[in-house]
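Inside the fold
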Amino acid sequence: MSNMKVLQEIYHAFGTGDLPAILERLSESVEWEYGSTPCAASWLERRTGKDGAQAGLVATFTSMEVKSFVPKAFIEGEGVIVVLFDTEFVVKATGKTVKEVDAAHIWRFDGQGKVAQFRHRVDTLQQHNASSAS
């Protein structure tokens with residue numbers, strides 16, 4: 001299966017809340033939010049392994065109410081796909097809204113077609129502030 005097909009299945013599963021379908025497409029040693037720095041937004045925390053990725057996904061599903069998520073471009077290279085997207089969501093704990101234009105997901109694949117690394121490239125200050133009570 002091509003990396004693009006795997007990614008399309010992941011986005012479909014995300015849209016339907018099918019966490020097991022997402023997890024089965026990840027490497028056992030997946031690096032979730034690789035290279036990120038600490039942030040108050042729990043869904044942006046660095047994690048490792050499928051258990052870590054699951055915790056990150058659960059944080060996403062439980063921490064926000066997604067108003068829109070629109071992937072606009074899929075850019076594929078050797079073992080990597082970058083997805084540009086627009087999104088708007090409300091952080092449930094604070095009621096604050098986040099609007100992102102041309103945010104990015106970076107997906108890196110291993111030789112078996114599993115996601116080996118994933119991270120957001122977003123306005124972390126906006127997401128941090130929306131996640132903070134003050």
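What this report covers is the structure whose coordinates are included nearby.

Thresholds, definitions, all that
- Residues numbered from 1 in each chain as written.
- Predicted model: local features only at pLDDT ≥ 70, side-chain atom pairs only at ≥ 80, totals over all residues.
- Heavy atoms only, no water.
- Salt bridge = Lys/Arg side-chain N within 4 Å of Asp/Glu carboxyl O.
- Helix = DSSP H or I, 4+ residues; strand = E, 2+ residues; numbered from the N terminus.
- Buried < 20%, exposed > 50% of the residue type's maximum accessible area, 1.4 Å probe, protein only.

With that settled, consider the pattern of salt bridges. This structure, assessed with the given rule, holds seven salt bridges. With a closest N to O distance of 3.4 Å, Lys50 and Glu28 form a salt bridge. Separated by 22 residues along the polypeptide, Lys50 in helix 3 (residues 49–63) and Glu28 in strand 1 (residues 26–32) bring together distant segments of the chain. With a relative accessible area of 59%, Glu28 lands in the exposed category. Lys72 is paired through a salt bridge with Asp86; the nearest N and O atoms lie 2.9 Å apart. With Lys72 in strand 3 (residues 64–77) and Asp86 in strand 4 (residues 80–91), this pair connects stretches of sequence that are 14 residues apart. Linked by salt bridges that have partners in common, Glu9, Glu24 and Arg25 make up one network.

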